[in-house]
Amino acid sequence: MNRAVFRLASAGALVLGLAGPAFAQDAAPTTEDAQKMAVEGLSKLLDALDLFVKSVPQYAAPEVLPNGDIILRRLNPPAAPKPTAPAPDETHT
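Described below are features of the structure shown in this document. (Residues numbered from 1 in each chain as written. Predicted model: local features only at pLDDT ≥ 70, side-chain atom pairs only at ≥ 80, totals over all residues. Heavy atoms only, no water.)

Counting its secondary structure elements, the chain contains two helices and two strands. The secondary structure elements of the chain, listed N-terminal to C-terminal, are α-α-β-β. Per-residue burial over the chain gives 5% buried out of 93 residues. Contacts spanning at least 24 positions in sequence make up 38% of the contacts within the chain whose residues lie at least 6 apart. When the accessible area of the chain is evaluated, it comes to approximately 8300 Å², of which 64% is carbon and sulfur surface. (Helix = DSSP H or I, 4+ residues; strand = E, 2+ residues; numbered from the N terminus. Buried < 20%, exposed > 50% of the residue type's maximum accessible area, 1.4 Å probe, protein only. Contact = heavy atoms within 4.5 Å. Areas by Shrake-Rupley, 256 points an atom, 1.4 Å probe, with all protein chains shown as cover.)

Written out as structure tokens, the structure reads:
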């Protein structure tokens, strides 16, 4: 969960960092410029929110087994790590 919060905070900082130069322009922004900046900012915020939601684990409804155990199944389990090849036997000559 900490990684998700870090990602969201990083995305927010990126949006604010990219918006900084837009506010430092010499000419007064027009209504069209303001609308364009607002749409770009909201688009980036929604992308960050989508990334955050995808990083949160999702679970199915709890199942109660006859023995009383409760199972919470993950809908999208993380990918299993790929097995590594065993190291060659160096003692064999």
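After presenting the structure, the write-up continues.
Moving on, we come to a nonpolar patch on the surface. Where nonpolar side chains cluster on the molecular surface, the patch consists of Tyr59, Val64, Ile70 and Leu72 and spans about 460 Å² of accessible area. According to the relative accessible area criterion, Tyr59 is partly exposed, its value standing at 45%. (Patch = residues over 30% accessible without salt bridge, like charges linked within 9 Å, V, L, I, M, F, W, Y side chains within 5 Å. Salt bridge = Lys/Arg side-chain N within 4 Å of Asp/Glu carboxyl O.)

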